[in-house]
Amino acid sequence: MKAAVYYKNSDVRIEMVDDFPADAGEVKVKVMACGVCGSDVMEWYRIKKAGRPNGIGAFGHECTGIVTEVGSKVTKKVQVGDRVVVTHHVPCNTCNACVIGHTTACQTLQSTKFKNNYGAYAEYVVLPEINVDRGIFKLPDSVSFDEGTFVEPLGCAIRGQQWASPAGGKSVLIIGAGLSGLLHLQAARSNGAGFIAISDINTDRLKVATKFGADATIVGTEDVPKRFKELNGGWGADVVIMTAPVPTCVKQSLDAVGAGGTILFFAPTNPEVNSEINIWNLWQKEVTITHSYAADFKNLQTALRWIQHKKVNVKDMITHVFPLDKTQDGFMLTAQPKNGSLKAIIHPQEK
Ligand SMILES: [Zn+2]
Ligand SMILES: [Zn+2]
């Protein structure tokens, strides 16, 4: 079968790779759509995770499709022909991280992947037994394959807000109005935020953020913490969500958070970057700093419900769709957004 194979952001090749059947406990899915994720184009990370050996590795995880094979020992109610959302990462449910509720910090979750090793920019993926057990959702008829690819990225935003909840009318500052910023914006609204401001250096993106429901926008070159306080009756933010992983934004987050507030560092800075934190400044403010990685089953289920019942608008975030052969274009557009591009989706069945 054909799959996109990662070498670097500007070198994504379409290659013929092994096509596996589904063994006894496994399920095979014909991939209909796979979203290009910001993490797919985090080059240092992707080369580490997927760039070996020789560019072969798992990437492409925001995946929907149709079940084409069900292994003889699969007891779950999955049938050939089912429309599904599948997840590459699933937790063990028994390690210490899982037991204390941090299922996405589970080593098993972080190392699970599709059997084909190429991820979902491929014609098919085969789900290992553990993924069949806890990584398949049926896609409701009213949700398109393209919309279904948002279950994972929205699930990640929902998980982040589990640790930095805006519920009860809290004020929220979202730093970065890219795709994850906009998903956080909509998630914060659904989660009960009272005031949401979003900042970005790109003013076109701020216009888009207004369309997706931001109460206020702040140009990233301004003094963002100061401007937020002006907009928020003099108070710092109850919740700061940083989706732009650069040191300036780390500093803005620390300066913008209000007393009793929480900062969610949602996007990681590069591994060699160290950020200075002045503990004194945070001490009497009783600030919580938190992080989140990926999404667990519950987060994904919530995301699917929100998409199905139109609590969030994912449809209007899809700006580009490419056939498998043009995966490279989807990558470049995600790595260097232009002309209002937000989400690129790959259709592996289209040539
Ligand atoms: Zn993703
Ligand atoms: Zn675990």
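Residues numbered from 1 in each chain as written. Chains lettered and ligands numbered in written order. Predicted model: local features only at pLDDT ≥ 70, side-chain atom pairs only at ≥ 80, totals over all residues. Heavy atoms only, no water.

Undergrad: Would you mind going over the domain arrangement of the chain with me for this structure?
TA: Reports of interface size often rely on the accessible area that becomes lost once the parts have come together. As assigned here, the chain comprises domain 1 (2-150 + 314-347) and domain 2 (157-291). In this structure, domain 1 and domain 2 have C-alpha centres spaced 29 Å apart. Taken over both partners, the interface formed by domain 1 and domain 2 buries close to 1,100 Å², and the fraction arising from carbon and sulfur atoms is 70%. Inspection of the region where domain 1 meets domain 2 yields 0 salt bridges. The interface formed by domain 1 and domain 2 contains 2 residue pairs in polar contact (both at pLDDT 80 or more). (Domains from an automatic or database assignment. Buried area = accessible area lost by both parts, 1.4 Å probe. Salt bridge = Lys/Arg side-chain N within 4 Å of Asp/Glu carboxyl O. Polar contact = N/O pair within 3.5 Å; in protein donor to acceptor, adjacent residues only side chain to side chain.)

Undergrad: How do you make sense of helix 7 (residues 179-190) when you look at a structure like this?
TA: An α-helical turn contains 3.6 residues, so a residue and the one three or four places further along point in the same direction. Taking 1.5 Å of rise per residue, 12 residues should cover 16 Å, and helix 7 covers 17 Å from first to last C-alpha, within 8% of that figure. The element helix 7 is extensively covered by neighbouring structure, given that 9 of its 12 residues are classed as buried. Taken residue by residue, helix 7 has L179, G181, L182, L183, H184, L185, Q186, A187 and A188 as its buried positions. Positive phi appears at G192, one or two residues downstream of helix 7, with a value of about 100°. (Helix = DSSP H or I, 4+ residues; strand = E, 2+ residues; numbered from the N terminus. Expected span 1.5 Å × (residues − 1). Buried < 20%, exposed > 50% of the residue type's maximum accessible area, 1.4 Å probe, protein only.)

Undergrad: Teacher, can you tell me more about the coordination of the zinc ion (ligand 2) here?
TA: In the first shell of the zinc ion (ligand 2), the protein supplies C92 (SG), C95 (SG), C98 (SG) and C106 (SG), at 2.3 to 2.4 Å from the metal. What the 4 donor atoms of the zinc ion (ligand 2) show is an angle range of 104 to 115° at the metal, which sorts the shape as tetrahedral. Written as a sequence motif, the donor residues of the zinc ion (ligand 2) are C-x2-C-x2-C-x7-C. (Donors = N, O, S within 2.8 Å, 3.2 Å for Na, K, Ca; no water. Tetrahedral: all angles 85-135°; square planar, octahedral: opposite > 155°, others 65-115°.)

Undergrad: Please explain the pattern of salt bridges as it appears in this structure.
TA: One side chain can pair with another of opposite charge once the charged atoms of both are near each other. Taken as a whole and judged by the stated rule, the model has 17 salt bridges. The partner of E69 in a salt bridge is K28, with the nearest N and O atoms 3.9 Å apart. Here E69, found in strand 4 (residues 62-70), pairs with K28, found in strand 3 (residues 27-35); they are 41 residues apart in sequence, far enough to count as distant. A relative accessible area of 29% means that E69 is categorised as partly exposed. D204 is the salt-bridge partner of K207, the closest N and O atoms lying 3.6 Å from each other. Within this pair, K207 and its partner D204 are both found in helix 8 (residues 203-211), separated by 3 residues, close to a single helical turn. K207 gets classed as exposed once you look at its relative accessible area, which sits at 59%.

Undergrad: What should I look at first to understand the nonpolar core in this one?
TA: The nonpolar side chains of a soluble globular protein tend to be buried with one another. Formed by 44 residues in total, the largest nonpolar core has its most connected members in F150, L154, L182, L183, L185, I198 and I307. Those elements that place two or more of their residues in this core are helix 6 (151-163), strand 8 (171-175), helix 7, strand 9 (195-200), helix 8, strand 11 (237-242) and helix 12 (297-308). Per-element accounting of this core gives the leading share, 6 residues, to helix 7. Looking at which domains feed residues into this core, each of domain 1 (2-150 + 314-347) and domain 2 (157-291) gives three or more. Apart from the residues within four sequence positions on either side, F150 is in contact with G155, L179, L183, I307, V314, M317, I318, K343 and I345. Of all hydrophobic cores here, the second largest spans 29 residues; its members include V12, V29, L127 and F322. (Core = buried A, V, L, I, M, F, W, Y, C linked by side-chain atoms within 4.5 Å. Contact = heavy atoms within 4.5 Å.)

Undergrad: Please explain the sheet that holds strand 12 (residues 257-265) as it appears in this structure.
TA: By way of backbone hydrogen bonds, the strands of a sheet pair with one another, either parallel or antiparallel. Strand order in the open sheet formed by 6 strands is 10-9-8-11-12-13, and the pairing between neighbours is parallel. Where the open sheet ends on each side, the last strands, each with one partner, are strand 10 (216-219) and strand 13 (288-291). Strand-to-strand twist across the sheet, computed as the mean angle between neighbouring axes with direction ignored, equals 20°. Both strand 12 and strand 13 contribute to a ladder of 4 bridges, which runs parallel. Directly across from L264, in strand 13, lies its bridge partner T290. Sitting on the sheet, helix 6 touches strand 11, strand 12 and strand 13, and the angle it makes with strand 12 is about 145°. (Pairing = 2+ DSSP bridges. Axes fitted to C-alpha atoms, helices over the stretch in contact; angles between N-to-C directions.)

Undergrad: I keep staring at the packing of aromatic side chains and nothing clicks. Help me out?
TA: For any pair of aromatic rings, the description rests on two quantities: the centre-to-centre distance and the angle between the ring planes. Applying the stated criterion across every chain yields a total of 5 aromatic pairs. Between Y6 and F331, the ring centres sit 6.1 Å apart and the planes meet at 45°, which makes this aromatic pair tilted. Of this pair, Y6 sits in strand 1 (residues 2-8) while F331 sits in helix 13 (residues 327-335), and the two are 325 residues apart along the sequence. Judged by relative accessible area, which is 0%, Y6 ranks as buried. Overall, the relative accessible area of 0% leaves F331 in the buried class. Aromatic side chains F137 and F297 sit 4.5 Å apart centroid to centroid with 20° between the ring planes, which places their arrangement in the stacked category. With F137 in strand 7 (residues 136-138) and F297 in helix 12, the pair connects residues that are 160 residues apart, well separated along the chain. Judged by relative accessible area, F297 falls into the partly exposed class, the value being 32%. Note that R13 overlies the ring of Y7, its terminal NZ or CZ placed 3.7 Å from the centroid. (Phe/Tyr/Trp six-rings, centres within 6.5 Å; stacked < 30°, edge-to-face > 60°. Lys NZ or Arg CZ within 6 Å of the ring centre and 35° of its normal.)

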